[in-house]
Amino acid sequence: MSKRRVAYYYDPDVGSYTYGVTHAMKPQRMRITHELVSAYDMLPKMHVLRAKRATAETMTRFHTDEYIDFLSKVTPENSRRLTYQGTRFLVGDDNPPFEGVFEFSSISAGGSIAAAKRLMEGQADIAINWAGGLHHAKKREASGFCYINDIVLGILEMLRYVPRVLYIDIDCHHGDGVEEAFYTTDRVMTCSFHKFGEFFPGTGQIEDRGRGPGRGYALNIPLKDGITDESYKSIFEPIIDKIIDVYRPSAIVLQCGADSLSGDKLGGLNLTMHGHAHCVQYVRSKNIPLMLLGGGGYTVKNVARAWTYETACALGIEKDIDPNLPWNEYFEWFGPRYRLEVLESNLEDLNVRDGSLDRNREKILQFLSELRPAPSVEMQDVPREGLAEHLGLPGVRAHGPIDDMDERLAQHARFVYDLHGDSDESHSESEAESDSSTRRGARARSSRKAGRSGKKRMSIMTSQYFDVPRLPPDGEPDEDEGGCGHEHEHEAWASARAGLPSGKRKRRFFQSIAEWDPVKRIVTERERAGVRVGVEPVLMNGRRRGRGREKVSEERDEMDVEADVEEEDE
């Protein structure tokens, strides 16, 4: 094999995080893989790099600001409050709010973005980030052990340089997060080989082909339990050949999820290490810039074996390495054989028994033959930095503290955002339901609706649907959760405002009781609860209107006095 310039991204801290002792996802597998790669003396043959961690601003190229802000703040202690009792952002038990979740995600995303940039700038032919490949994460929600979709962020970086990118997913689970992100564009073709049926995430039918300009550029190859190396090869090679011939991608992203290996704790396929790595070898032979990413894989020692061997495949030295494992820090983990191998089991190949493999291959090839020639796009340079940074101007806060006008504008912006955030959320969810219902059959429509309507989700660990927790109709938080921390003050003020005895009015989540008074001022619920935000009377039509803080305090005192007088009269 010809030599390739390989860039290998690794952050030593990535293996220090944990989802939990009993959780299936083990970030330590990246550290074990690195130890094996080092033991085989591969590091001197590559450019070993530690990527700059992705910032919150960088992550919002795909994810919503609200979701990224949540990830930066969430901890095991405050997760119930920040997720609104488990109804938003982190739904179910698949994605726990473990310590350092934002830092872990920034390592994954930073590696994929840096790998994409290095490829596009021509500094490498192959870039590897085994900490990446988290393909289930959605725009505003974690899913399937994935919090940040580093793949989407990496592809977006590639699209700054090239017109077309091909994404190939050989994980056991459907790459739903990446497909969803690029479902309506022809600049990214997604091709997912995955187990389908009563299996997480419940999407990825062969009829799902994209929508609008992206019609035909989403390919799904559903598989059944027990597929072997020979069967996988018979469908992988002809489809990839046809895609490259028709689509002519400028770059390829290959997600190498290792849960498609035989013996995986959550998967059901029957690939050996060599059968899995054959996909890497075959795509590498096309001489197109290639980014290799990790993904699933829950039998840790097999994950490390596969990714180590595939690193050797990227270097073109897979025939030279010894199948007997060299000594390394985790050597005892690989007993009793201590070999670089993953053997197949005696699981029956259901794909061959019913002939579904041949039918799916013919149908996908037919779809590709009907596809129009490779789409083109007008490319132009996109600025990599803001105007102020380019001109060397200092930041907004460099001139001194924020003045009263900035504070008032910031408060009004928060007021409007909180007021409309809930309606925007419901509108986007209903729109997503409408989009999905038009592109699927009856079975898929019901599955997609259950996943998006906010009523049900599917667990990756059990592949069973579960109901999303709901707040009571009156919005009362759980007694042991403590709500948002100002329930008692808020309740007392709201009761007095409504003319009710204290304690008779319950708090309603997602409903702001802030009011706009053109004569007085904007009063937010946090101010009414007694939390000082340091805002003076609001400007109305360029003029200072309303009474100051002292006047509001006097008004509250008068209200308290009147309440006392009424009690004495009674």
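Residues numbered from 1 in each chain as written. Predicted model: local features only at pLDDT ≥ 70, side-chain atom pairs only at ≥ 80, totals over all residues. Heavy atoms only, no water.

Novice: Lay out the overall build of the chain with the relevant residues and their values.
Specialist: Per the secondary structure count, the chain includes 18 helices and 14 strands. Across the 570 residues that make up the chain, the buried fraction comes to 51%. Looking at the chain alone, contacts between residues at least 24 apart form 75% of all its contacts between residues at least 6 apart. Summed over its atoms, the accessible surface of the chain is roughly 27,000 Å², and 49% of this surface lies on carbon and sulfur atoms. (Helix = DSSP H or I, 4+ residues; strand = E, 2+ residues; numbered from the N terminus. Buried < 20%, exposed > 50% of the residue type's maximum accessible area, 1.4 Å probe, protein only. Contact = heavy atoms within 4.5 Å. Areas by Shrake-Rupley, 256 points an atom, 1.4 Å probe, with all protein chains shown as cover.)

Novice: Explain helix H6 (residues 150-158) to me, and be specific about the residues and the numbers.
Specialist: Counting buried residues in H6 gives eight out of nine residues, a clear majority hidden from the surface. Residues Asp150, Ile151, Val152, Leu153, Gly154, Ile155, Glu157 and Met158 constitute the buried set of H6.

Novice: Tell me about unusual backbone geometry, and name the residues and values.
Specialist: The phi angle of most residues is negative, glycine excepted, and most peptide bonds adopt the trans form. Residue Pro201 is bonded to the preceding Phe200 through a cis peptide linkage, with omega at 0°. Looking at the secondary structure, you find Pro201 in the loop between strand E5 (188-195) and strand E6 (218-223). Residue Gly335 is joined to Pro336 through a cis peptide bond whose omega torsion reads 5°. Mapping Pro336 onto the fold places it in the loop between helix H10 (300-315) and helix H11 (350-353). Its identity as a non-glycine residue notwithstanding, Asp41 has a phi of 60°, on the positive side. Even without being glycine, Phe145 reaches a positive phi, approximately 75°. Along the chain, the position of Phe145 falls in the loop between strand E3 (126-129) and H6.

Novice: Lay out the side chain of Lys138 in plain terms, naming residues and giving numbers.
Specialist: Tracing the backbone through its elements, the reader meets Lys138 in the loop between E3 and H6. Engagement of the side chain of Lys138 in a polar contact is seen with the side chain of Asp176, the distance being 2.8 Å. Beyond its immediate chain neighbours, meaning those up to four positions away, Lys138 contacts Phe62, His63, Tyr67, Ser143, Asp176, Gly177 and Glu180. (Polar contact = N/O pair within 3.5 Å; in protein donor to acceptor, adjacent residues only side chain to side chain.)

Novice: So what's going on with the nonpolar core? Which residues, and what values?
Specialist: Ranked by size, the top nonpolar core spans 133 residues in total, and within it Ile155, Ile168, Phe193, Phe236, Ile243 and Leu292 carry the most contacts. Ignoring anything within four residues of it in the chain, the contact list for Leu292 reads Ile126, Ala127, Ile128, Asn129, Trp130, Leu254, Cys256, Val280, Glu310 and Ala314. (Core = buried A, V, L, I, M, F, W, Y, C linked by side-chain atoms within 4.5 Å.)

Novice: Can you lay out the packing of aromatic side chains for me, pointing to particular residues and giving the numbers?
Specialist: One pass over the full model with this rule turns up 19 aromatic pairs. Measuring from centroid to centroid gives 5.2 Å for Phe193 and Phe236, while their planes differ by 45°, and the two rings are tilted. Highlighted residues: Phe193 in strand E5 and Phe236 in helix H8 (residues 229-247), separated in sequence by 43 residues. Each member of the pair Phe193 and Phe236 is classed as buried. Geometrically, the ring pair formed by Tyr232 and Phe236 is stacked, given 6.3 Å between the ring centres and 20° between the ring planes. Of this pair, Tyr232 and Phe236 both sit in helix H8, four residues apart, which is roughly one turn of that helix. Taken individually, Tyr232 and Phe236 each receive the classification buried, so the pair is uniform in this respect. Positioned over the ring face of Phe199 is Lys195, at 4.4 Å from the centre of the ring. The residue whose ring lies beneath Arg209 is Phe367, and the NZ or CZ to ring-centre distance is 3.9 Å. (Phe/Tyr/Trp six-rings, centres within 6.5 Å; stacked < 30°, edge-to-face > 60°. Lys NZ or Arg CZ within 6 Å of the ring centre and 35° of its normal.)

Novice: How would you explain the side chain of Asp150 if you had to name every residue and give the values?
Specialist: Tracing the sequence through the fold places Asp150 in helix H6. Here Asp150 occupies a buried position and makes no salt bridge, while the nearest side chain of opposite charge, Arg29, is found at 9.3 Å. A polar contact is formed between the side chain of Asp150 and the side chain of Ser112, at a distance of 2.6 Å. Ignoring anything within four residues of it in the chain, the contact list for Asp150 reads Ser108, Ala109, Ser112, Gly132, Gly133, Leu134 and Leu293. (Lys, Arg positive; Asp, Glu negative; His and termini not counted. Salt bridge = Lys/Arg side-chain N within 4 Å of Asp/Glu carboxyl O.)

Novice: Tell me about the pattern of salt bridges, and name the residues and values.
Specialist: A side chain with one charge may pair with a side chain of the opposite charge, provided their charged atoms come close. Inspection of every chain in the model, using the stated rule, returns 17 salt bridges. Residue Arg372 pairs with Asp186 through a salt bridge whose shortest N-O separation is 3.3 Å. In this pair, Arg372 sits in the loop between helix H12 (356-369) and helix H13 (387-391) while Asp186 sits in the loop between helix H7 (176-181) and E5, placing the two residues 186 residues apart along the sequence. Note that Asp354 is salt-bridged to Lys224, the shortest N-O span being 2.2 Å.

Novice: Go over the pairing of E5, please, and point to the residues and values.
Specialist: Among the eight residues in E5, eight count as buried, and that is most of the element. Here E5 shows no split at all, with Val188, Thr190, Ser192 and His194 on one side and Met189, Cys191, Phe193 and Lys195 on the other all buried. Inspection of the sheet shows strand E4 (residues 165-169) paired to E5 by five bridges, in the parallel sense. Looking across to E5, one finds that Tyr167 is bridged to Thr190. The handedness of the E4 to E5 crossover, carried by H7, is right-handed. As judged from the six bridges shared by E5 and E6, these two strands associate in the parallel manner. Each bridged residue has a counterpart across the sheet, and for Ser192 the counterpart in E6 is Asn220. (Pairing = 2+ DSSP bridges. Right-handed = clockwise from strand over helix to strand, strands pointing away.)

Novice: Which residues make up the confidence of the model for the chain, and what values go with them?
Specialist: Confidence along the chain averages 80 in pLDDT terms, with 71% of residues attaining 70 or more. Confidence drops under a pLDDT of 50 for residues 423-454, and excluding neighbours within four residues, the segment shows 42 contacts in the predicted structure. A low-confidence stretch, residues 474-526 stays under pLDDT 50, and its non-local contacts, those more than four residues away or across chains, total 92 contacts. (pLDDT = per-residue confidence, 0-100.)

Novice: Mind laying out the environment of Val162, listing which residues take part and the relevant values?
Specialist: Mapped onto the secondary structure, Val162 falls in the loop between H6 and E4. As for Val162 and Arg187, which are separated by 25 residues in sequence, their C-alpha atoms are 9.2 Å apart.

Novice: So what's going on with the sheet that holds E5? Residues and values would help.
Specialist: The strand order E2-E1-E3-E8-E7-E4-E5-E6 describes an open sheet built from eight strands, whose pairing is parallel. Bordering the open sheet on either side are strand E2 (47-49) and E6, each of which pairs with just one other strand. Each strand axis lies, on average, 15° off the axis of its neighbour in the sheet, ignoring direction. Two elements, E3 and strand E8 (residues 290-293), share four bridges in a ladder whose sense is parallel. What sits directly across from Ile126, in E8, is Leu290. Against the sheet, helix H9 (residues 273-284) contacts E3, E4, strand E7 (251-255) and E8, and its axis sits at roughly 175° relative to E7. Contacting strand E1 (6-9), E3 and E8, H10 crosses the sheet at an angle of about 165° to E3. (Axes fitted to C-alpha atoms, helices over the stretch in contact; angles between N-to-C directions.)

Novice: Describe the packing of H8 against H12, listing the residues and the values that go with them.
Specialist: Two elements in contact, H8 and H12, have axes separated by 10 Å at closest approach and are oriented at 0°. In terms of axis orientation, H8 runs roughly parallel to H12. Residues Ser231, Ser234, Ile235, Pro238, Ile239, Lys242, Ile243 and Val246 of H8 form the contact with H12, whose participating residues are Leu357, Asn360, Arg361, Ile364, Leu365, Leu368 and Ser369. Per-class residue counts for the contact of H8 with H12 are nine nonpolar, four polar and two charged. (Parallel < 35°, antiparallel > 145°, perpendicular 65-115°, else oblique. Nonpolar A, V, L, I, M, F, W, Y, C, P; charged D, E, K, R; others polar.)

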